[in-house]
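Descriptive structure summary
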Amino acid sequence: LSKDDVTVVFVLGGPGSGKGTQCAKLVQDFGFVHLSAGDLLREEQERKGSEFGELIRNYIKEGKIVPMEITIALLEKAMIENDSNRFLIDGFPRALDQALQFEKEVVESTSILFFDCPEEVMLQRLLKRGETSGRIDDNIESIKKRFVTFKSTSYPVVEHYRTLNKVHTIPCADDVNVVYSKVKPIFEEMFQ
Ligand code: UP5
Ligand code: MG
């Protein structure tokens, strides 16, 4: 795939920062296809006959990053299957080597959205969602591990792209619609 033909926006931010929620709104207004790396991994984990099911489950529960060969293969497959040229890639890359590998193997990113959120806010959102989500990582032990991984390994991806001037940072502790009112103009400017 070439950057001239395919637009990829990486949507990054800590666990519970609202990546999925904001992507759903962008899909409606801007016709992007939303690919959540976490959702793709959860689907693969549940797929009968998957050789990675058990591994993915363990990594997610421990808040660890699944080996990138698996995630990149799932993303690449989803991009090829989707007949679109605009993708929001949500929750990936989660480590610098993943960013470099994806851009080498699949396509270079156009832009990065970074949802910046205090941990306390993310914690409350995830605990609340955990009452009904059924996600094996929406419990206090897993959430704490996810925060550690985000700070140590995933946040450096944002810093990397900042040096390339590709990052749009959005504070996201406010209501969903207030956050979106900051995201929308960025997309209008870039993609309309
Ligand atoms: N909510 C959202 N916005 C709100 C707002 N403004 N005000 C009030 N409430 C708000 O939102 C989370 C919750 O908060 C929801 O209940 C929502 O209604 C509410 P959501 O939009 O789901 O936030 P999001 O940032 O998408 O949170 P998520 O939990 O999905 O983030 P994670 O990054 O933790 O999860 P992900 O699914 O991306 O990854 C899960 C695991 O998969 C990782 O920990 C890792 O083990 C593995 N993984 C990989 O190994 N590699 C990858 O590339 C991707 C994932
Ligand atoms: Mg999500």
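Values in this document were obtained by computation on a predicted structure and should not be read as measured data.

Across the junction of Phe 92 and Pro 93, the peptide omega takes the value -5°, indicating a cis bond. Residue position: Pro 93 is located in the loop between β3 (86–90) and α5 (96–105).

Here the focus is the pairing of strand β1 (residues 7–13). Burial analysis of β1 places 6 of its 7 residues in the buried class, which makes it a mostly covered element. As paired strands, β1 and β3 are joined by 5 bridges and run parallel to one another. Directly across from Phe 10, in β3, lies its bridge partner Ile 89.

Time to look at the nonpolar core. Of all hydrophobic cores here, the largest spans 37 residues; its most connected members are Phe 10, Val 11, Leu 88, Ile 89 and Leu 113. Broken down by element, this core gets its largest block of residues, 5 residues, from β1. Apart from residues no more than four positions distant in its own chain, Ile 89 is found in contact with Val 8, Val 9, Phe 10, Val 11, Leu 35, Ala 37 and Leu 75.

Our focus in this paragraph is the sheet that holds β3. Strand order in this open sheet of 5 strands is β2-β3-β1-β4-β5, and the pairing throughout is parallel. At either end of the open sheet lies a strand with only one pairing partner, and these are β2 (33–36) and β5 (167–171). Between one strand axis and the next, the sheet turns by 20° as a mean value, whatever way the strands run. Pairing geometry for β1 and strand β4 (residues 111–116), over 5 bridges, is parallel. Bridge assignment links Gly 13 to a residue of β4, and that residue is Phe 115. Against the sheet, helix α2 (residues 37–46) contacts β2 and β3, and its axis sits at roughly 65° relative to β2. Where helix α7 (residues 140–163) meets the sheet, it contacts β1, β4 and β5, and its direction lies at approximately 130° from that of β5.

Definitions and limits used
- Residues numbered from 1 in each chain as written.
- Chains lettered and ligands numbered in written order.
- Predicted model: local features only at pLDDT ≥ 70, side-chain atom pairs only at ≥ 80, totals over all residues.
- Helix = DSSP H or I, 4+ residues; strand = E, 2+ residues; numbered from the N terminus.
- Buried ≥ 20, exposed ≤ 12 C-beta atoms within 10 Å, placed from the backbone.
- Pairing = 2+ DSSP bridges.
- Core = buried A, V, L, I, M, F, W, Y, C linked by C-beta atoms within 7 Å.
- Contact = placed C-beta atoms within 7 Å.
- Axes fitted to C-alpha atoms, helices over the stretch in contact; angles between N-to-C directions.

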